[in-house]
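# Architecture at a glance
As a plain string of letters, each chain reads:
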Amino acid sequence: MKALVFALFLASTAAVADDARQLVKLPPPAQDALREEMQGNLVALNEVLSLLAAGKVREAGEAAETKLGLSAMGRHRDKPFDARPGPHMPPAMHGIGMDGHKAASEFAAAAKTGDRDKALALLPNLTSGCVACHFSYRTR
Ligand code: HEC
């Protein structure tokens, strides 16, 4: 994942000049659901960082697991098919999403032991998935 993000970073100047990201057309209700989830992701990430900075390492782990980790998967499961983002994504894009949930859970497991250094070492993995997907795909 780190190598991927680095490669994407190198490619980012070109991407800005000429948007080379793959366009994925989601049904409007799925796009709305995804956007809402994304705003939640941003808030959750901010919460995790704030807790870590305050030395509340275990609490940061709790928040990461429930809001970003594997525990946060499947929240669109009960919606109509058109409102579920996952099944409308290309498999590779969906895979990046799943890897992101996994990375958040790995961070969470370390943080929940209270081991700050170990948690910090895994922290970048929490954002690598966000970066990898946003640099590869767009929906509009
Ligand atoms: C699997 C791909 C994927 C992953 C992983 C992902 N995103 Fe997104 N994100 C998207 C897409 C696609 C959009 C555009 C949605 C739309 O059409 O408005 C988006 C939009 C957003 C937005 C803009 C929402 C708005 O107000 O319009 C934010 C903020 C965001 N993502 C944050 C995050 C954060 C933080 C993470 C990591 C914790 C993350 N995303 C991980 C695909 C992803």
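This structure is a prediction, so every number in the text was calculated from the model and none was measured.

Calculation criteria
- Residues numbered from 1 in each chain as written.
- Predicted model: local features only at pLDDT ≥ 70, side-chain atom pairs only at ≥ 80, totals over all residues.
- Heavy atoms only, no water.
- Patch = residues over 30% accessible without salt bridge, like charges linked within 9 Å, V, L, I, M, F, W, Y side chains within 5 Å.
- Areas by Shrake-Rupley, 256 points an atom, 1.4 Å probe, with all protein chains shown as cover.
- Salt bridge = Lys/Arg side-chain N within 4 Å of Asp/Glu carboxyl O.
- Helix = DSSP H or I, 4+ residues; strand = E, 2+ residues; numbered from the N terminus.
- Buried < 20%, exposed > 50% of the residue type's maximum accessible area, 1.4 Å probe, protein only.
- Donors = N, O, S within 2.8 Å, 3.2 Å for Na, K, Ca; no water.
- Tetrahedral: all angles 85-135°; square planar, octahedral: opposite > 155°, others 65-115°.
- Axes fitted to C-alpha atoms, helices over the stretch in contact; angles between N-to-C directions.
- Parallel < 35°, antiparallel > 145°, perpendicular 65-115°, else oblique.
- Left-handed = near helix turned anticlockwise from the far one by under 90°.
- Contact = heavy atoms within 4.5 Å.

Taken together, L70, M73 and M98 make up a surface patch of nonpolar side chains, about 220 Å² in accessible area. Structurally, M73 is set in the loop between α3 (57-67) and α4 (91-112). For M73, a relative accessible area of 30% gives the class partly exposed.

What follows covers the pattern of salt bridges. Evaluation of the coordinates by the stated rule reveals six salt bridges. Salt-bridge contacts for E47 lead to K67; the nearest nitrogen and oxygen are separated by 2.7 Å. In this pair, E47 is assigned in helix α2 (residues 28-53) and K67 in helix α3, connecting sequence segments 20 residues apart. In this structure, D99 and K102 form a salt bridge, with 3.7 Å as the shortest nitrogen-oxygen distance. Of this pair, D99 and K102 both sit in helix α4, three residues apart, which is roughly one turn of the helix. Accessibility expressed as a relative area gives 38% for D99, which makes it partly exposed.

Moving on: the coordination of the iron atom of the ligand. Within the protein, the iron atom of the ligand binds to M38 (SD) and H134 (NE2); these donor distances fall in the range 2.1 to 2.2 Å. Geometry at the iron atom of the ligand is octahedral, judged from the six donor atoms that bind it and their angles of 83 to 180° at the metal. Within this pair, whereas M38 is found in helix α2, its partner H134 is found in helix α5 (residues 116-136), the two being separated by 96 residues in sequence.

Turning to the packing of α4 against α5, a few remarks are in order. When two helices pack together, their arrangement is given by the angle between their axes and by how far apart the axes lie. Interaxial distance between α4 and α5 falls to 8 Å at its minimum, and their mutual angle equals 165°. The pairing of α4 with α5 is recorded here as roughly antiparallel in orientation. The interaxial crossing formed by α4 with α5 has left-handed handedness. Residue-level inspection shows M93, I96, A103, A104, E106, F107, A110 and A111 of α4 in contact with α5, the latter providing K118, A119, L122, L123, N125, L126, G129, A132 and C133.

The analysis is restricted to geometry; functional conclusions fall outside its scope.
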